[in-house]
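# Architecture at a glance
Each chain, letter by letter, is given below.
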Amino acid sequence: MKINILEKVENDEKLITSMYHQISNVITENKTKMIYQINNTLVETNFMIGKIIVENEQNGNIRAEYGKDILKKLSKKLTNEYGSGFSLSGLYNMRLFYNRYKNFQPLAGNLSWSHYCYLIYIEDDDERSFYEKECINSKWSKRELKRQIDSSLFQRLLLSDGKTNKKKVLELSKKGQTINSPTDILKEPYVFEFLGIKENKPLLESDLEKNLINHLSAFLMELGKGFMYVGNQVRITLDNNKHYYVDLVFYNKILRSYVLIDLKMDDMKPEYVGQMNMYVNYYSKEIKDEFDNETIGIILCTGKKGVTMEYALGGLSNNIFASTYTYYIPNKDELINEVEKVLNG
């Protein structure tokens, strides 16, 4: 009898556990659906409010000379009736949202109103479309979106290979960032502002490497899609007694390639290429599996000189690239000017 009671208790516990997990999954799934529904409703509501404001302005009901006063009074009335979310700046955002997205389909995207509050302030349609697509594809939080906009990701991707063209701009605006070849993972420059290092502050390569490892999640986000961390100071042994160390090793699951990164605290030098070429050859012959693609080497330095780069990297069969990095958010206007020079060149 005691055994039967124990068995019953055990069976009951198993049943309860099974039911709990099933119900928990249902609750979690429906909570996610509810969040999307609430978000889509909020975005659609703000779009319609923006439309009402714009249409009344265009019909002459809100004239420029006292338009701000009208919206201020409207904001106060809405806030008194419906609570927060209808401040004067909020109404301006709704109006701008409608002006930027007149063909908007509320249920087409998965972005929150907070995301759109960053996107609407991007004037260029192609650039705004790129950040919107990339935000959806990469599931950026609003904080990550702000960081990528502030660090001028769009311009840096366009300048990364020095062959910017209008076709590439159009592809970025339609699809976001696509990774089909090693050059697609490069940026110019890489931005390490998350380290909090002051510009022109003397720093050892080992200290830079340590800081990047300590901020690994931010570093991975800056590297881009598909990167997985393998290790730092990864040893390579040649001739049984000669040891070399690769600063940082990653694997990119999209390209299915090992990516080796060498950190340099000065301008690009030809000898850096020779060293990286040795690392890449070693990984290609000794480390990568048969299903892996060719190893990629990236030399991160503080500056690149055209002639040095041309002769140092020219003729190499390996995927070896050089890019610069900076400790602060680059000047966006300067990057835009550089992009325009290439586009119009």
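Position numbers for residues start from 1 in each chain and track the written sequence from start to end. Local features in this predicted model are restricted to residues whose pLDDT is 70 or higher, and side-chain atom pairs enter the listing and the counts only when it is 80 or higher, whereas totals over whole chains, interfaces and linings include all residues. Think of the side-chain values as coming from all heavy atoms in the structure, minus any hydrogens and water.

### A few points about the sheet that holds strand β5 (residues 296–301)
Heads up, the rule is: The pairing criterion is simple: DSSP has to find at least two bridges between the two strands. Helix and strand definitions follow DSSP, with helices as H or I runs of at least four residues and strands as E runs of at least two, each counted in order from the N terminus. Contact definition: two residues touch when any of their heavy atoms are within 4.5 Å. Orientation is described by axes fitted as lines to C-alpha atoms, over the contacting stretch for helices, and by angles from 0 to 180 degrees between their N-to-C directions.
Pairing is mixed across the open sheet formed by 6 strands, whose spatial order is β1-β6-β5-β4-β3-β2. Both edges of this open sheet fall to β1 (190–191) and β2 (227–238), since each of them pairs with a single strand only. Sheet topology places β1 next to strand β6 (residues 319–326); 2 bridges connect them, and they run parallel. Paired with Y190 across the strands is Y325, a residue of β6. This element, helix α10 (residues 216–223), spans β1, β2, β3 (242–252) and β4 (257–263) of the sheet and lies at about 70° to β3.

### Regarding the pairing of β5
Short version of the rule: Relative accessible area decides the class of each residue, using a 1.4 Å probe on protein chains only: under 20% of the type maximum gives buried, over 50% gives exposed, and in between gives partly exposed. Here the term right-handed applies to a crossover when the path leading from its first strand over the helix to its second strand runs clockwise, the strands being oriented away from the viewer.
Of all the 6 residues making up β5, 6 are buried; the element is thus mostly covered by neighbouring parts of the structure. Of the two faces of β5, both are covered, the one formed by I296, I298 and L300 as well as the one formed by G297, I299 and C301. Summarising the sheet, β4 and β5 pair through 5 bridges and their orientation is parallel. Paired with I261 across the two strands is I298, which belongs to β5. Crossover β4 to β5 through helix α11 (residues 270–287) is right-handed. Relative to β6, β5 runs parallel, the two sharing 6 bridges. Across the sheet, I298 pairs through a bridge with F321, a residue of β6.

### Concerning the nonpolar core
Operational definition: To form a nonpolar core, buried Ala, Val, Leu, Ile, Met, Phe, Trp, Tyr and Cys residues must be joined to one another through side-chain atoms within 4.5 Å.
In terms of nonpolar packing, the biggest core is built from 38 residues, with F97, Y116, L119 and Y131 touching the most fellow members. For this core, the element with the highest residue contribution is helix α3 (residues 88–100), accounting for 6 residues. Among all residues touching Y131, those that are not within four sequence positions of it are L119, I122, W140, L145, Q148, I149, S152, L153, F154 and Q155. Grouped together as the second largest cluster of nonpolar side chains are 26 residues, Y190, F194, L208 and F219 included.

### Structural notes on the side chain of N252
What counts here: Polar contact is defined as a pair of N or O atoms within 3.5 Å, subject to the rule that within protein one atom must be able to donate a hydrogen and the other to accept it, and that residues adjacent in sequence are counted only when both atoms are side-chain atoms.
Mapped onto the secondary structure, N252 falls in strand β3. The class for N252 is buried, based on a relative accessible area of 0%. Of the polar contacts made by the side chain of N252, one reaches the backbone nitrogen of L255; its length is 2.9 Å. In contact with N252, not counting residues within four places along its chain, are I185, K225, G226, F227, S257 and V259.

### What about a nonpolar patch on the surface?
Test applied: Two distance rules govern patches: like charges are joined within 9 Å, and nonpolar side chains (Val, Leu, Ile, Met, Phe, Trp, Tyr) within 5 Å, applied only to residues with over 30% relative accessible area and no salt bridge. Where accessible areas are quoted, they stem from the Shrake-Rupley method and a 1.4 Å probe; at the residue level, only the protein chains shown are allowed to cover. By convention in these notes, a salt bridge is any Lys or Arg side-chain nitrogen within 4 Å of a carboxyl oxygen on Asp or Glu.
On the surface, a cluster of nonpolar side chains totalling about 380 Å² of accessible area is made up of L15, M19, I23 and I27. For L15, the location among the structural elements is in helix α1 (residues 2–58).

### Some thoughts on the packing of helix α2 (residues 67–82) against α3
Counted only if it meets this: We call two directions roughly parallel when the angle between them is under 35 degrees, roughly antiparallel when it is over 145, roughly perpendicular when it lies between 65 and 115, and oblique otherwise. When residue character is reported, Ala, Val, Leu, Ile, Met, Phe, Trp, Tyr, Cys and Pro are called nonpolar, Asp, Glu, Lys and Arg charged, and the others, Gly included, polar.
The geometry of α2 relative to α3 is characterised by a closest axis approach of 9 Å and an angle of 110° between their N-to-C directions. With respect to α3, the axis of α2 lies roughly perpendicular. Counting all contacts with α2, which are made through K68, L71, K72, L74, S75 and L78, the residues of α3 involved are L88, L91, Y92 and R95. Of the residues contributing to the contact of α2 with α3, the split by class is 6 nonpolar, 1 polar and 3 charged.

### Details of the packing of aromatic side chains
In plain terms, the rule: Aromatic pairing here means that ring centres of Phe, Tyr or Trp (its six-membered ring) are within 6.5 Å. Orientation follows from the plane angle: under 30 degrees is stacked, over 60 is edge-to-face, and everything else is tilted.
Applying the stated rule across the entire model yields 23 aromatic pairs. Between F97 and W113, the aromatic rings sit 5.2 Å apart at their centres with planes inclined by 75°, giving edge-to-face as the arrangement. Pair noted here: F97 is in helix α3 and W113 is in helix α4 (residues 113–119), with a separation of 16 residues, a long-range link. Here F97 falls in the buried class, since its relative accessible area comes to 0%.

### Points about the packing of helix α5 (residues 125–138) against helix α8 (residues 166–175)
It is at 6 Å that the axes of α5 and α8 come closest, and there the two elements cross at 45°. Put simply, α5 runs oblique to α8. For the pair formed by α5 and α8, the contact residues are D126, S129, F130, K133 and N137 on the first element and V169, L172, S173, K174 and K175 on the second. Split by residue class, the contact of α5 with α8 holds 3 nonpolar, 3 polar and 4 charged.

### Here we look at the pattern of salt bridges
Applying the stated rule across the entire model yields 11 salt bridges. Among the salt bridges present, the one from K73 reaches D69, with a minimum N-O distance of 3.4 Å. Of this pair, K73 and D69 are both found in helix α2, 4 residues apart, which corresponds to roughly one turn of the helix. The exposure class of K73 is exposed, given its relative accessible area of 56%. Residue classification places D69 among the partly exposed positions, given a relative accessible area of 37%. For E193, the salt bridge identified is with R147, shortest N-O distance 2.8 Å. On the criterion of sequence distance, the pair formed by E193 in the loop between β1 and α9 (205–214) and R147 in helix α6 (residues 142–150) is long-range, its members being 46 residues apart. In this structure R147 comes out as buried when scored by relative accessible area, which is 11%.

### Here's the deal with the environment of F47
Looking at where F47 falls in the secondary structure, it is placed in helix α1. F47 gets classed as buried once you look at its relative accessible area, which sits at 8%. Along the backbone, F47 and K102 are 55 residues apart, and their C-alpha atoms lie at a distance of 8.8 Å. Ignoring sequence-local partners within four residues, the contact set of F47 consists of F97, Y98, Y101, K102 and F104.

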